[in-house]
Amino acid sequence: MIEIKGISKTYDSIVAVANLDMMIQPGRIYGFLGPNGAGKTTAIRMLMNIIIPDEGSILFEGGDQRPPANKIGYLPEERGLYQKISVFETLQYFAHLRSVPHPNDKIKAYLQRFDLGTRLQSKVSELSKGNQQKLQFINTILHDPQYIVLDEPFSGLDPVNQLLLKEILEELKQAGKTIIFSSHQMDQVEKLCDDVALINHGQLVTAGELKTIMQSEGVQRLQVTPVNAKDLTHQCFSAFNSERTNGSVFIEIDGHSKQDIIATLNKSMDLKSVKLAEPSLEEIFIHLVQGSQS
Amino acid sequence: MNAWKIAWFEYRRRIRSKWFLIGTFGMPILILGISLGTGYMAGSGAGIETKNFGLIDETGFYGEQLSLVLDKRFADKETPPFNIAVSKGSFESLKTQFDELVNEKTLDGYFVIPYDFISNPVLRNYSRSSSTFRSTDVIESELKELLIKEKATSLQLSDDVLDELFFDVDVAHFDIGSSQERETEELIADYIAPFIFMFLLFLGIFTGGQLLLRAVLEERSSRVIEVLLSTVSYNELMGGKILGLGLLGLTQSAIYLIAAFFAGSYYDLSILTPAIGLLYFTYFILGYLLYAGIYIGVGALFDSEQEAQQAIQIITFIAIIPMVLWTMVIENPNSTLVNVLTYIPLVTPFFMMIKIAVGETSIFQIVTSIIVMIISVYGSIRLAAKVFRTGILLYGKRITLPEIYRWIRA
């Protein structure tokens, strides 16, 4: 378990991270979310001991002793690779630094899996952005770390490779690894994470189990689809806080009962379907941020 | 342990690069080529432009005599440094004509031998620029000899006596306790050897320093630094880099010294003794570590190589001082100025190397200079570590001197 207790970091007068608390359970995937510039990378660098927090502490398994480097895998936001050496040498060097025994077979197997088997001797600079990201990911997990910290791992990957990455993260989770990853792409997090923390302007907006947050923080809405498309603009919708999207109208339940809404609409039109709409994580985030600002 | 792994990685990838081979072997070849080439050019007269001078001879005698001896002196030269056209007459009558010739650039200048030259031997020179200044030396010495001969003749000394009076003095050089005269080549080699040692030291230290700067900038700009710092500590990373590139510099120095040893043996010269070799490596290590601190500190502060190189220029200017003053150090190794400069840490290794190779130093100077260097290295590396730790991850931010001061004090 990793406990982050009240960490803060200020650069000159800019507060990058303010009093951040997070609890990361072992064997789970923890999503760290926020818009660009929210403070995710600073927080991750503090977690990685690359920068020292001005205040607060980070505890691994209850102690302030950091696990050895070969227990942690880290993928920085931007490509952290030597450009002028080969793919194989890059991986060998980092494997050597992390004391991986006999790494060559492992390197070749991972490169094969990521469809880079033929690029063993290519210089890193010769690889595409996506392939460099894959190489960097291999470098992060090659030494079989217990903790895997990924800063924007999906950036630069095409949909096929995004799927592959998700598959591997699932496998790693099954193997009991603790995975922390940051992203500003909420849909990725929603599909993958067990727990999340939402951060904005360096401050924690909310944190906890994804399922619970989705249920408790999401705005409850009804998705209403009329039989006649012309009823989508019916004036009866103006009685509610509603939004029209793709042949349906989404009505916020807040302050009304579901039955009342349906009864009101039935008086004015024929309804094809009415269902409870699941809020997306992005909607929850926007709702919470707007709530905290007001 | 991790520092060694980093050191080995840095060493291995640089030593295999073609730039290391080009730098190590190409640089001495280039320097040797330039030296030999410029020597040949100077000897061939290709760099000399023949100047044309006029000469107004009021005595009606010395001008012609001077012209004859100069013709004799420059007889074997394809390009004589100057030609002299003699006109007998008074300065007053010829002045306007000669001034015009100079102004329309037919002449580079003209001389006047006044009528009372024998009693008041002052040769006057009129010219547009100072480029004629050096030519007066030759004319001065030839005229002096003519005057002496003229005075000797007036004293009715015979030609035999005159020949007896004019002779050259040679100096024969011997080593202490040796009866074999030293050859000129050997003397030149002895004179230049201290410079060569200093130059090799300079080359080794700054090759290592520059590579260190580039290595830090490369890791900083490619963000590899973050992956490394999640794996190793700041001190291991910095130490590994300094060690690896220092070993590279040592390899380069060893190649040069081995070459110097064999070259010396071939010509039967004992330029490189074990003591000089040992002190060379001592000053190399201390000098390299001092500059390594500076280079790594600067590398941690800048995003681009151009900015970093500009910042490092000031330091490089100081380090060039020994390159400019080397003849002074060889000829006056224990003058007050040289002794003071010897204890300025940025140039200590270079000055000491010259003094050691000349054989004009003492155990006291060696020990004290090493102590000065050790203290400076400690300071440099300590400050570099503080700057490196704070500055290395501050991308895209212009760092100010007060900020650096704060980091150092923290």
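Here, every reference points to the structure presented above.
Residues numbered from 1 in each chain as written. Chains lettered and ligands numbered in written order. Predicted model: local features only at pLDDT ≥ 70, side-chain atom pairs only at ≥ 80, totals over all residues. Heavy atoms only, no water.

1. Thoughts on the packing of helix 4 (residues 129-141) of chain A against helix 5 (residues 159-174) of chain A
All names here are of chain A.
Alright, step 1. Running from N to C, helix 4 and helix 5 cross one another at 5 degrees; their axes reach a closest spacing of 12 Å. The pairing of helix 4 with helix 5 is recorded here as roughly parallel in orientation. Counted together, Lys-134, Phe-137 and Ile-141 of helix 4 and Asn-161, Leu-165, Ile-168, Leu-169 and Leu-172 of helix 5 form the full contact between these two elements.
Alright, step 2. In the contact of helix 4 with helix 5, the residues fall into six nonpolar, one polar and one charged. (Axes fitted to C-alpha atoms, helices over the stretch in contact; angles between N-to-C directions. Helix = DSSP H or I, 4+ residues; strand = E, 2+ residues; numbered from the N terminus. Parallel < 35°, antiparallel > 145°, perpendicular 65-115°, else oblique. Contact = heavy atoms within 4.5 Å. Nonpolar A, V, L, I, M, F, W, Y, C, P; charged D, E, K, R; others polar.)

2. So, the layout of surface pockets
Residues and elements named next belong to chain B.
Alright, step 1. Reported here for the second largest pocket is a volume of approximately 1100 Å³.
Alright, step 2. Along the wall of the second largest pocket there are 33 residues; nearest its centre are Arg-14, Ser-17, Trp-19, Leu-211 and Arg-214.
Alright, step 3. Among the secondary structure elements, those contributing two or more residues to the lining of the second largest pocket are helix 1 (2-15), helix 2 (18-44), helix 7 (184-221) and helix 9 (234-266).
Alright, step 4. Partitioned by chemical class, the residues of the lining of the second largest pocket number 14 nonpolar, eight polar and eleven charged. (1 Å grid on protein atoms, 1.4 Å probe; cavity = no way out; pocket = protein on both sides within 12 Å on 5 of 7 lines; lining within 4 Å. Points joined across faces, edges and corners; volume = space filled by probe spheres on them.)

3. Quick look at the sheet that holds strand 10 (residues 221-226) of chain A
Sheets are built from strands paired through backbone hydrogen bonds, the pairs being either parallel or antiparallel.
All names here are of chain A.
Alright, step 1. Taken in spatial order, the four strands make up an open sheet running 11-12-10-13, and their pairing is antiparallel. The open sheet has two edge strands, strand 11 (242-245) and strand 13 (271-277), and neither has a second partner. In this sheet, neighbouring strand axes are inclined to one another by 20 degrees on average, regardless of whether the strands run parallel or antiparallel.
Alright, step 2. Bridge count between strand 10 and strand 12 (residues 248-252): four bridges; the pairing is antiparallel. Bridge pairing in strand 12 links Arg-221 to Glu-252. (Pairing = 2+ DSSP bridges.)

4. Considerations on the interface of chain A and chain B
Alright, step 1. Across the contact, 25 residues belong to chain A and 27 residues belong to chain B.
Alright, step 2. Between chain A and chain B, a total of about 2300 Å² is buried, with carbon and sulfur atoms accounting for 58% of that surface.
Alright, step 3. Ranking the residues of chain A by area buried against chain B places Ile-50, Tyr-82 and Leu-97 of chain A at the top, with a combined share of 27%.
Alright, step 4. One can count three salt bridges joining chain A with chain B.
Alright, step 5. Two residues, Glu-89 of chain A and Arg-12 of chain B, come together in a salt bridge whose shortest N-O distance is 3.9 Å.
Alright, step 6. Broken down by element, the residue count for the side of chain A that touches chain B peaks at five residues, all from helix 2 (residues 87-97) of chain A.
Alright, step 7. Split into classes, the residues belonging to the side of chain A that touches chain B amount to 13 nonpolar, five polar and seven charged. (Buried area = accessible area lost by both parts, 1.4 Å probe. Salt bridge = Lys/Arg side-chain N within 4 Å of Asp/Glu carboxyl O.)

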